[in-house]
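# Geometric and topological summary
Read off the chains here:
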There are 2 protein chains.
Amino acid sequence: MIKFYDAALSGNCHKVRMLLSMLQIPHEVVPISLPNMDHKTPAHIARNPLGTVPVIEDGDVVIYDSQAILVYLAAKHGGDQKDNLWLPGEPSEQALVQQWLSFAVNEIWNGPALARAFLLFDRDVDLARCQAAGKAALSILEGRLRQHDWLALDHPTIADIACYPYSALAEAGEISLAPYEAVRAWFKRIEALPGYVSMPGLGD
Amino acid sequence: MIKFYDAALSGNCHKVRMLLSMLQIPHEVVPISLPNMDHKTPAHIARNPLGTVPVIEDGDVVIYDSQAILVYLAAKHGGDQKDNLWLPGEPSEQALVQQWLSFAVNEIWNGPALARAFLLFDRDVDLARCQAAGKAALSILEGRLRQHDWLALDHPTIADIACYPYSALAEAGEISLAPYEAVRAWFKRIEALPGYVSMPGLGD
């Protein structure tokens, strides 16, 4: 069974929680306490040299980075490559999903996620820079979502899962979501998907 | 034919140049001048709301983000999903490639790439932070490459292409490569691949 190293307040872990639930994948949660620095122990560094969560182990397969874990779970459990809606195998569709996975990794992480980490966890970052980057990222999302229901394609994919948690948690980084009406409507669509699970700060 | 919007000194564009050459994909280069702000014109923002390069257009398909373009080119031209060495379709292999694509997007971009951008292009970033992040990223690469020839799998993939240019250009950000012997040996392996192309600051 998949072992999932999961820290409760991590939005990156929440991406994995959401897809595990939506695809109904059996798994065992191994709680990681960030205040206790469980993620910096030698045992965890052996799993993931970056010393971050989430990590999954599935037999001999060990994967870190939340986007990589979404790829793994969707590729293995989301249907075969021809009709895998979460991660399609057709080149242009796969690339459009990647475009938004990269957006989650850079623009969203270095924007709303790190602004929140500064305010909640005293992370050593420049708050004003993160907030400015966060507003820029939300504006890009807003531009896309004014014209489309989902980020990469005309249905939900792992791109939506990857971009959702830290965007929806932006106000924990003191970035107002008020100007981003289409983004807020997209949050509601995600929160209505079968198997959606919440975490503190997100919609029910 | 693929149109490739390419800025000469961009390491992100260089990833695309390398794979186009290695896979011998016919394409037309559309030069983008960053000093002239060609990447911020309305025409370019219509292609890519982030206002960055590279971008490719292939008929109706428009893709930005260098990792997404690598996914597109590898998925379309790298062989079918069962024997595509550049981007394998097997879930754990695909996920391991993604793990290092994410590393290119965050750790390498926000480390050596932005340190170089500060020194070469006056980009508004905190140089000391970027240099520290760059050293941390190079140490992670070194740890992997002391034990393995390639980043994701036992052969080159788009993960190697994505992580190579800005790592190999680290000294332009005043980050010494001297401590990273395995990383330097990996540069030589990449530079020996059929179809490798160079750019100013990289090996021949």
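Keep in mind the model is a prediction, meaning the values are calculated, not measured. (Residues numbered from 1 in each chain as written. Chains lettered and ligands numbered in written order. Predicted model: local features only at pLDDT ≥ 70, side-chain atom pairs only at ≥ 80, totals over all residues. Heavy atoms only, no water.)

The next thing to look at is the state of the cysteines. Note: disulfide means a covalent bond formed between the sulfur atoms of two cysteine side chains. Taken as a whole and judged by the stated rule, the model has zero disulfides over all chains. Of all cysteine sulfurs in the structure, the one in C130 of chain B sits closest to C130 of chain A, which takes part in no disulfide; the separation is 12 Å. (Disulfide = S-S within 2.5 Å.)

W186 of chain A together with W186 of chain B are the most contacted members of the largest nonpolar core, which has 148 residues in total. Not counting residues up to four positions away in its chain, the partners in contact with W186 of chain A are L141, L145, D149, W150, L151, D160, C163, Y164 and S167 of chain A. (Core = buried A, V, L, I, M, F, W, Y, C linked by side-chain atoms within 4.5 Å. Buried < 20%, exposed > 50% of the residue type's maximum accessible area, 1.4 Å probe, protein only. Contact = heavy atoms within 4.5 Å.)

So, on to the sheet that holds strand β2 (residues 27–31) of chain A. Residue and element names in this part refer to chain A. With mixed pairing, four strands are arranged side by side in an open sheet as β2-β1-β3-β4. The open sheet terminates on both sides in strands that have one partner only, identified here as β2 and β4 (61–64). Neighbour-to-neighbour, the strand axes of this sheet turn through a mean angle of 20°, independent of strand direction. As defined by bridge partners, strand β1 (residues 2–6) adjoins β2 across five bridges and the pair is classed as parallel. Bridging from a neighbouring strand, K3 pairs with E28 of β2. (Pairing = 2+ DSSP bridges. Helix = DSSP H or I, 4+ residues; strand = E, 2+ residues; numbered from the N terminus. Axes fitted to C-alpha atoms, helices over the stretch in contact; angles between N-to-C directions.)

It is worth spelling out the relation of the copies chain A and chain B at this point. Its rotation angle being 180°, the transformation that places chain A on chain B also includes 0.0 Å of axial translation and leaves an RMSD of 0.0 Å. In short, the pair behaves as if placed about a two-fold rotation axis. Closest to the rotation axis within chain A is the C-alpha of N106 of chain A, separated from it by 2.7 Å. When the interface residues of chain A are mapped onto chain B, 100% of them again lie at the interface, so the same face is used by both copies. (Least-squares fit on C-alpha atoms with pLDDT ≥ 70 in both.)

Before going further, it helps to spend a moment on the sheet that holds strand β2 (residues 27–31) of chain B. Residues and elements named next belong to chain B. The sheet built from four strands is open, its strands ordered β2-β1-β3-β4 with mixed pairing. Looking at which strands have only one partner, the edges of the open sheet turn out to be β2 and β4 (61–64). Sheet twist, expressed as the average angle between the axes of neighbouring strands with direction ignored, equals 20°.

Taken together, the contacts link 37 residues of chain A with 37 residues of chain B. Summed over both partners, the interface of chain A with chain B buries about 2,900 Å², with 60% contributed by carbon and sulfur atoms. With its nearest N and O atoms 3.3 Å apart, the salt bridge here joins R129 of chain B to D124 of chain A. Counting the contacts that link chain A with chain B gives eight residue pairs in polar contact (both at pLDDT 80 or more). Of all elements in the fold, only β4, α3 (66–77), α4 (91–121) and α5 (127–145) of chain A reach the threshold of two or more residues within the side of chain A that touches chain B. Top contributing element to the side of chain A that touches chain B by residue count: α4 of chain A, with 16 residues. Tallied by class, the residues present in the side of chain A that touches chain B amount to 21 nonpolar, ten polar and six charged. (Buried area = accessible area lost by both parts, 1.4 Å probe. Salt bridge = Lys/Arg side-chain N within 4 Å of Asp/Glu carboxyl O. Polar contact = N/O pair within 3.5 Å; in protein donor to acceptor, adjacent residues only side chain to side chain. Nonpolar A, V, L, I, M, F, W, Y, C, P; charged D, E, K, R; others polar.)

This part covers the domain arrangement of chain A. All names here are of chain A. In terms of domains, chain A is made up of domain 1 (2–77) and domain 2 (91–191). Each partner contributes to the roughly 1,100 Å² buried at the junction of domain 1 and domain 2, and carbon and sulfur atoms together form 78% of this total. Its largest share of buried area at the contact with domain 2, domain 1 owes to L9, M18 and Q67, together 38% of the area lost on that side. Summed over the shared surface of domain 1 and domain 2, the result is three residue pairs in polar contact (both at pLDDT 80 or more). At the level of elements, α1 (11–22) and α3 are the ones that each hand at least two residues to the side of domain 1 that touches domain 2. Broken down by element, the residue count for the side of domain 1 that touches domain 2 peaks at seven residues, all from α1. Taken together, the residues of the side of domain 1 that touches domain 2 sort by class into seven nonpolar, five polar and one charged. (Domains from an automatic or database assignment.)

The full count for this structure, using the stated rule, is twelve salt bridges over all chains. Salt-bridge contacts for E57 of chain A lead to R47 of chain A; the nearest nitrogen and oxygen are separated by 3.4 Å. With E57 of chain A in strand β3 (residues 55–58) and R47 of chain A in helix α2 (residues 42–47), this residue pair connects regions lying ten residues apart in the sequence. Salt bridges linked by common partners bring D124 of chain A together with D126 and R129 of chain B together as one network.

Take the environment of L114 of chain A next. All names here are of chain A. Of note, L114 is situated in helix α4. Taking the C-alpha atoms as reference points, L114 and I175, separated by 61 residues in sequence, lie 11 Å from one another. Those residues in contact with L114 that sit more than four places away from it in its chain are W109, R123, V125 and C130.

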